[in-house]
Amino acid sequence: MKRTDVVDRLLPKVVKASASVEQFAPSNIALCKYWGKRDRELNLPINASLSVSLDYLGSHTRLIPTEGQVDDVWLNGQQLQPGARFSQKVSEFIDLFRRDQNLYFKVETRNNIPTAAGLASSASGFAALTLALNDALALDLPPEHLSIMARMGSGSACRSLFTGFVEWRMGQRKDGLDSHGVQLEQQWPGFCIGLVEIDAGEKATDSRSGMQRTVETAHLYQSWPLQAAVDLGKLQQAIAERDFELLGQTAEQNALSMHATMIASWPPLLYWQPESVAAMQKVWQLRSQGLQVYFTMDAGPNLKLLFQRADRATLLQHFPNLETVEPFGC
Ligand code: DP6
């Protein structure tokens, strides 16, 4: 199934660009990770995942209709060449919406999180672009359809359409119309995420090629879908009962299990740097001293700490540069 076949089912044939628009979407951190696709064209996952959205940290995207014959793409205040990778990805994604019509845009994206450092800026970027296109073309799509469209840009983007805890239902259908984000109703005031930046540089292997390599070469990957299904259930329970220990343990083990499958790929995929391991050991040491802190990691060297508001001040003594976010406020 082609992406255009899915678009035929969701969008009108003829669309018109109206005024300039601006939209924001948050970045999201997965507590149960998406790792591996059953359909690479549509970004359909092998397993369901669960994330928490990062409130004000994410992407602002502005769309201005232009008379030109190509999109004019800007990232963090810099104009990109039409051939640049980011620019191509953006234009190909807009192709899904403009279809065969001559509609081009100046696209300005600003991330307030480091781009391509494992902090999921592609998720917030595609989600914000989806929301902006929905407005610019007056599509009025329902949230599930926005999530499906964003997923075709980048899988994890389907979760960034929502705030708070979000489950990405993997779905069963070939066209992926049942594979989208769903916001959980539970809130968790005082739940905190801390970003430990080890390296903000561009990573060598992006998630897309990393997960493909893992699926194709790591025997260990066979156990991943089962682990993810069990972890998803535990996280749902932890969120329903506000059981922080269960949430933290499950998220940390899930992340380390995903990294085990990466390391077991060939050529091996090791996203960690010595400083990443040192930070993990610091977390384990603090935990052995009674502090309730856990970590998760994505396809990059940075750690995301999970903790509760009451422990914030203590944690800042050990991680002085920690950027902290409270997805549900106080
Ligand atoms: C490790 O969503 O970036 O962050 O669908 O190929 O664009 P594509 O991949 P992407 O993968 C994210 C992987 C992850 C885990 C997660 O966010 O669930």
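Everything discussed here concerns the structure shown above.
Residues numbered from 1 in each chain as written. Predicted model: local features only at pLDDT ≥ 70, side-chain atom pairs only at ≥ 80, totals over all residues. Heavy atoms only, no water.

Trainee: Now, about the overall build of the protein: what can you tell me, with residues and values included?
Mentor: When helices and strands are counted, the protein shows 9 helices and 13 strands. Taken against the 2.2 N^0.38 rule, which gives 20 Å for 330 residues, the C-alpha radius of gyration of the protein at 19 Å falls within 12% of a compact globule. Relative to its 330 residues, the protein shows a buried fraction of 53%. Sequence separation of at least 24 residues holds for 75% of the intrachain contacts in the protein that already meet a minimum separation of 6. Counting every atom, the protein has about 14400 Å² of accessible surface; 50% of that belongs to carbon and sulfur. Looking at charge distribution, the protein has the averaged site of its 31 positive side-chain charges lying 3 Å from that of its 35 negative ones. (Helix = DSSP H or I, 4+ residues; strand = E, 2+ residues; numbered from the N terminus. Rg over C-alpha atoms; globule rule 2.2 N^0.38 Å. Buried < 20%, exposed > 50% of the residue type's maximum accessible area, 1.4 Å probe, protein only. Contact = heavy atoms within 4.5 Å. Areas by Shrake-Rupley, 256 points an atom, 1.4 Å probe, with all protein chains shown as cover. Lys, Arg positive; Asp, Glu negative; His and termini not counted. Charge placed at Lys NZ, Arg CZ, Asp CG, Glu CD.)

Trainee: How would you summarise the side chain of Thr296 if you had to cite specific residues and measurements?
Mentor: Mapped onto the elements, Thr296 comes out in strand E11 (residues 294-297). Of note is the side chain of Thr296, whose polar atom sits 2.7 Å from the side chain of Lys33. Not counting the four nearest positions on each side in its chain, Thr296 is found in contact with Ile29, Ala30, Lys33, Ala251, Ala255, Asn302, Leu303 and Lys304. (Polar contact = N/O pair within 3.5 Å; in protein donor to acceptor, adjacent residues only side chain to side chain.)

Trainee: Describe the environment of Leu184, naming the residues involved and giving the relevant values.
Mentor: Here Leu184 lies in the loop between strand E9 (181-183) and strand E10 (191-196). Taking C-alpha positions, Leu184 is 9.1 Å from Gln236, a pair spaced 52 residues apart along the chain. Once residues within four sequence positions are removed from consideration, Leu184 is found in contact with Leu50, Phe165, Val166, Glu167 and Ile239.

Trainee: So, the site of the ligand: which residues are in play, and what are the values?
Mentor: Neighbouring residues of the ligand: 17 residues in total, closest Tyr34, Lys37, Ser154, Gly155 and Ser156. The side chain of Tyr34 places a nitrogen or oxygen atom 2.6 Å from an oxygen atom of the ligand. Ser154 is positioned such that a nitrogen or oxygen atom in its side chain is 2.6 Å from an oxygen atom of the ligand. Considered on its own, the ligand offers 460 Å² of accessible surface; in the complex 93% of this is hidden by protein. A total of 3 residues in the shell around the ligand trace back to one element, the largest contributor, which is helix H5 (residues 207-217). Grouping the constituent residues of the shell around the ligand by class yields 6 nonpolar, 6 polar and 5 charged. Three or more residues apiece are contributed to the shell around the ligand by two domains, here domain 1 (3-183) and domain 2 (191-325). (Near = heavy atom within 4 Å. Nonpolar A, V, L, I, M, F, W, Y, C, P; charged D, E, K, R; others polar. Domains from an automatic or database assignment.)

So, to be careful, I would describe these as geometric facts and stop short of saying anything about function.
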